[in-house]
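# Structural characterization, general
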Amino acid sequence: MKDEERAKLWRTLRVAAAILGTLCVVYGFYVNQVIWTAAGFTAVLLVYYFSSRSSKLREAWFNHAMTTVVRNIERANHYAVQRLPVGIAVFDQEGHLQWKNRLFNEYINVDAPLGSLFDKILPPPENNFATLRVRDSDKSIKIGDRIYSMLVRPIQTTEEAGSDTGVVIYLYDVTNKERQQRRYEDERPVVAYVQFDNYADALKGLNESDRASLVVAITKAINSWAEEVNGYSLKYSEDLYLVGINRKGLVDTINRKFPLLDKVREIKINPRITPTVSIGVASGMKTLSEMAQKAQSCLDLALGRGGDQAVVSIGEKVSFYGARGSVQAKNTRVRARIVAQAIHELMTNADKVFIMGHVNEDYDAIGAAIGVAKMARTLGKECYIVWSGQGTAVDNIENVTHGNNPYEDLIISEEVAMEQRTPGSLLVLVDHHRAMLTAAPKLLAAIRRRVIIDHHRRAEDVIEEVMLQYMEPSTSSTSEMVTEILQYFQERMEISPLEASVLYAGIVVDTKNFAVQTGERTFEAAAYLRRYGADPHAVSQLFKEDDASVILRAKIITEMKKPIPGLAVSVHSGGAQNDRNVSVVVAQAADELLTMNDIHVSAVLNESDDGVSISARSDGSVNVQTMMEELGGGGHQTVAGVQIKGAKAEDLIPKIIEMAKEQMKESDSDEGNSAEGRKEVG
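Source: prediction; values computed, not measured.

### Observations concerning the overall build of the protein chain
Scanning the protein chain from terminus to terminus reveals 25 helices and 22 strands. The long-range fraction of contacts in the protein chain, counting pairs at least 24 apart against all pairs at least 6 apart in sequence, stands at 64%. Carbon and sulfur atoms provide 53% of the accessible area of the protein chain, an area that totals close to 34,200 Å².

### A few points about the sheet that holds strand β14 (residues 411–412)
Strands belonging to one sheet form pairs held by backbone hydrogen bonds; the direction of such a pair is parallel or antiparallel. Strand order in the open sheet formed by six strands is β14-β13-β12-β15-β16-β17, with parallel pairing between adjacent strands. The open sheet has two free edges, formed respectively by β14 and β17 (468–471), since each of these has just one partner strand. In the packing of helix α17 (residues 478–489) onto the sheet, contacts are made with β15 (426–430), β16 (450–454) and β17, and the angle to β16 comes to roughly 115°.

### Some thoughts on the environment of Val 353
Mapped onto the elements of the fold, Val 353 is located in strand β12 (residues 352–356). On the accessibility criterion, Val 353 (0% relative accessible area) is buried. Measuring from C-alpha to C-alpha, the distance between Val 353 and Leu 426 comes to 4.9 Å, with 73 residues separating the pair along the chain.

### Overview of the packing of aromatic side chains
For the structure on display, the rule yields nine aromatic pairs. Look at Tyr 193 and Tyr 236: their rings are 6.3 Å apart centre to centre, the planes differ by 65°, and that puts the pair in the edge-to-face class. Residue Tyr 193 is located in strand β6 (residues 189–196), and its partner Tyr 236 is located in strand β7 (residues 232–237); the two are separated by 43 residues in the primary sequence. Overall, Tyr 236 belongs to the partly exposed group, its relative accessible area being 43%. Ring plane angle 25° and centroid distance 5.5 Å describe the contact between Phe 514 and Phe 523, whose orientation is recorded as stacked. Taking relative accessible area as the criterion, Phe 514 reaches 18% and is therefore assigned buried. A residue is classified by how much of its surface remains accessible, and Phe 523, at 43% relative accessible area, is partly exposed. Through successive ring pairs, a cluster of aromatic residues spans Tyr 504, Phe 514 and Phe 523. The ring of Tyr 407 carries Arg 377 above its face, with NZ or CZ at 4.8 Å from the centroid.

### Some words on the pairing of strand β22 (residues 639–645)
Residues in a regular strand project their side chains so that they alternate between the two faces of the sheet. Of the two faces of β22, only one is covered, namely that formed by Ala 640, Val 642 and Ile 644; the face formed by Val 639, Gly 641, Gln 643 and Lys 645 stays uncovered. Where strand β21 (residues 634–635) folds back onto β22 in an antiparallel hairpin, the turn is made up of three residues.

### As for the nonpolar core
Here is a general trend for soluble globular proteins: nonpolar side chains tend to be buried in one another's company. Among the nonpolar cores identified, the biggest contains 56 residues, and Met 347, Ile 355, Val 428 and Ile 453 are the most heavily contacted of them. No other element matches the nine residues that helix α13 (residues 363–378) contributes to this core. Within the second largest apolar cluster, 32 residues are counted, among which are Phe 196, Ala 202, Val 229 and Leu 261.

### Some details on the UniProt feature "binding site: Mn(2+) 1" (unreviewed entry) in the protein chain
In the UniProt entry, the feature "binding site: Mn(2+) 1" (unreviewed entry) is given for His 358, Asp 362 and Asp 431. Sequence-wise these annotated residues cover 74 residues; spatially they are packed, their C-alpha atoms never more than 9.4 Å apart. Examined against the element boundaries, His 358 turns out to sit in the loop between β12 and α13. In terms of polar contacts, His 358 uses its side chain to reach the side chain of Asp 362, at 3.4 Å. Looking at the secondary structure, you find Asp 431 in the loop between β15 and α16 (441–446). On the basis of relative accessibility, which here comes to 2%, the residue Asp 431 falls in the buried class. Not counting residues within four places of it along the chain, the set of residues in contact with Asp 431 comprises His 358, Asp 362, Asp 364, Ala 365, Ile 453, Asp 454, His 455, His 456 and Thr 478.

### Looking at a positive patch on the surface
Taken together, the side chains of Lys 142, Arg 179, Arg 182 and Arg 183 present a region of like positive charge at the surface. Per-element tally for the positive patch: the top contributor is helix α6 (residues 175–186), with three residues.

### Focus: the environment of Ile 453
Assignment of secondary structure puts Ile 453 in strand β16. Accessibility expressed as a relative area gives 0% for Ile 453, which makes it buried. Linking Ile 453 and Ala 369, residues 84 residues apart in sequence, is a C-alpha distance of 10.0 Å. Apart from residues no more than four positions distant in its own chain, Ile 453 is found in contact with Ile 343, Val 372, Val 428, Leu 429, Val 430, Asp 431, His 432, Tyr 470, Thr 478, Met 481, Val 482 and Ile 485.

### Some points on the side chain of Thr 175
By secondary structure assignment, the location of Thr 175 is in helix α6. Exposure remark for Thr 175: the relative accessible area of 0% places this residue in the buried category. Among residues more than four places away in sequence, those in contact with Thr 175 are Asp 145, Arg 146 and Ile 147.

### Things to note about the packing of helix α18 (residues 497–511) against helix α19 (residues 520–531)
With their axes 9 Å apart at the nearest point, α18 and α19 run at an angle of 150° to one another. Considered as vectors, α18 and α19 are oriented roughly antiparallel to each other. Of the two possible hands of crossing, α18 and α19 adopt the one that is left-handed. Taken together, the residues of α19 that come into contact with α18 (itself represented by Ala 500, Leu 503, Tyr 504, Ile 507 and Thr 511) are Thr 522, Ala 525, Ala 526, Leu 529 and Arg 530.

### What to know about helix α21 (residues 547–558)
Relative to the 16 Å expected for twelve residues at 1.5 Å per residue, α21 spans 16 Å between its end C-alpha atoms, a close match to the ideal helical length. When α21 is considered as a whole, its buried residues turn out to be Ser 549, Leu 552, Arg 553, Ile 556 and Ile 557. Buried residues of α21, seen end-on, are gathered within an arc of 135° and therefore sit on one face of the element. Counted as exposed and oriented over 90 degrees from the buried face of α21: Asp 547, Ile 551 and Thr 558.

### Comments concerning helix α11 (residues 288–304)
In a regular helix each residue adds 1.5 Å, so 17 residues correspond to 24 Å; α11 covers 24 Å between its end C-alpha atoms and thus fits that length. Taken as a whole, α11 has its buried residues at Met 291, Ala 295, Cys 298, Leu 299, Leu 301, Ala 302 and Gly 304. In the core, the buried residues of α11 are packed alongside β6, β8 (240–246), β9 (277–283), β10 (309–314), β11 (317–322) and β17.

### Considerations on the pattern of salt bridges
Taken as a whole and assessed by the stated rule, the structure comprises 18 salt bridges. Residue Arg 434 pairs with Asp 461 through a salt bridge whose shortest N-O separation is 2.9 Å. Placement of Arg 434 in the loop between β15 and α16 and of Asp 461 in the loop between β16 and β17 is noted, with a sequence separation of 27 residues between them. Judged by relative accessible area, which is 9%, Arg 434 ranks as buried. Asp 461 gets classed as partly exposed once you look at its relative accessible area, which sits at 36%. Sharing partners across several salt bridges, the network here consists of Glu 228, Asp 252, Arg 256 and Lys 263.

Cut-offs and rules
Residues numbered from 1 in each chain as written. Predicted model: local features only at pLDDT ≥ 70, side-chain atom pairs only at ≥ 80, totals over all residues. Heavy atoms only, no water. Helix = DSSP H or I, 4+ residues; strand = E, 2+ residues; numbered from the N terminus. Contact = heavy atoms within 4.5 Å. Areas by Shrake-Rupley, 256 points an atom, 1.4 Å probe, with all protein chains shown as cover. Pairing = 2+ DSSP bridges. Axes fitted to C-alpha atoms, helices over the stretch in contact; angles between N-to-C directions. Buried < 20%, exposed > 50% of the residue type's maximum accessible area, 1.4 Å probe, protein only. Phe/Tyr/Trp six-rings, centres within 6.5 Å; stacked < 30°, edge-to-face > 60°. Lys NZ or Arg CZ within 6 Å of the ring centre and 35° of its normal. Core = buried A, V, L, I, M, F, W, Y, C linked by side-chain atoms within 4.5 Å. UniProt positions renumbered as here; feature names shortened; annotations may be inferred. Polar contact = N/O pair within 3.5 Å; in protein donor to acceptor, adjacent residues only side chain to side chain. Patch = residues over 30% accessible without salt bridge, like charges linked within 9 Å, V, L, I, M, F, W, Y side chains within 5 Å. Salt bridge = Lys/Arg side-chain N within 4 Å of Asp/Glu carboxyl O. Lys, Arg positive; Asp, Glu negative; His and termini not counted. Charge placed at Lys NZ, Arg CZ, Asp CG, Glu CD. Parallel < 35°, antiparallel > 145°, perpendicular 65-115°, else oblique. Left-handed = near helix turned anticlockwise from the far one by under 90°. Expected span 1.5 Å × (residues − 1). Arc of directions from axis to C-beta.

Structural data, given as structure tokens:
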């Protein structure tokens, strides 16, 4: 008989016995016979006794079974916690160790008895207990030569809810995963283009033997770099090389700041010209085709910034390396002639021509704009110069000419320009190539037929969708570039003394009166303007100042500090960023600080409620453009600046000091090459 059937029979018998006993008791009372009553009570008591005994036996069996289950669960839980491939530890609110499993003890690699402080087991500052206990966190930590993923979760460590909060730490060993990921990243492909920047100039004047030696030396340097990083190189045109490496080799090259640039500059076969190369590098794209296109774009960007540098694109991030030396001037004017012909054709086919400089226009922007307007007027085209309304250049020209300025009526505001534009209008942007610097952003967006003429190093955020882009960082100024274009724009075109003087002023202001960033073509452009009546005396009148400006500049200079040798820093507080007079004086103060002995870099900060604007200057040994680019600005190698909204001067000065220190350190390490480059340009 089965247990279930036996239990059912027993329950039936108990009920029957209880009923019979009860009937006997009732019958005994009814017939008044004690024997029936006693027998009935005895039966009921026996049923109760055996039922109670059976119930206790079942309860005891159940309790034993539950105890066994709980004990087994606890044993399994303890075994699992101790054997799980996860290190676990519990700390109370004070950071004392309350419990840990065996694997946690192995992972931390220190003797940590219960009660040990968290800071002794996992030292700060990376692992600050006060911070970790506030909220859930997930981070990677390194203990010895192993890497762990650490999960931190708050936990209640006392019986009183809300009284205190400890933490439970979970450590996962992810060393193998991280190494695999690192190996994958190290082996990702990288495409690089290397171009011999000044191929034609470097070979000019050399005999066949020296030409071959120079090309072989450049090729050998490129091949050596590729071999050093386990890559390959292929020359597929006279001045262009394709290099394939992996990400590990690229990181190594970046850490060494692209030594190929220095090795090429050290080649001395041509005593007059220092050879340079530009490098465009790309990685992180989905296909090799995309990487090749991006590498070509980076090379174009490097060349547009003056060459002798590397531009690296990893994913969406673009970085710049090199460009410490001066940009070497190109002796050929072939490109200027081609650009002049292209602009002539574009203007001929345009309804109207609008010329626009950067916001807060200086004499270079205004001079170049008037030079371009001269081209349009020569063709009989309706043209306008769009002015931002800032800067003193326009007002000073008007004062010096005593109202005899034929271009006065052509200078209009952005609002008027928007009304005058037509679908066939041409927009010529001078002395800038970034949308954030343009004098009339609405007009820039409205006119899609655009031309850029600029002498600044090309920035990453260059204005796109242009019909012609003429950028020459080797020239002194945009006025110099426009002057060269004028000479090839149209035969027998003559310019007036006013036009010549304004273009001359643009060259003077950007070269600091022919002291910096000058080359052979700079003086030839100046001589051309002098032949057409450029008046140095009238130009000098443009730079005259009122007594308030002189006093302010003197105050800025006297408050100058030299935080490190070679660097001069001064701060002016209270001047609004859009105050045309203050911005000019700040720039002039930066120029004048550079005239002091042993000063190679100057930076003047104009602090206002809106933020900070910085004017940075260099004697050519330091590239202030790359310094200002790191802060979001730009400019030229010797002249650069930036405006930073909501910033404080005291927060920016340490960054400027650190960048200047790094630049001067690199300049000192390459002093010989830099000096030769300056001789060539200057």
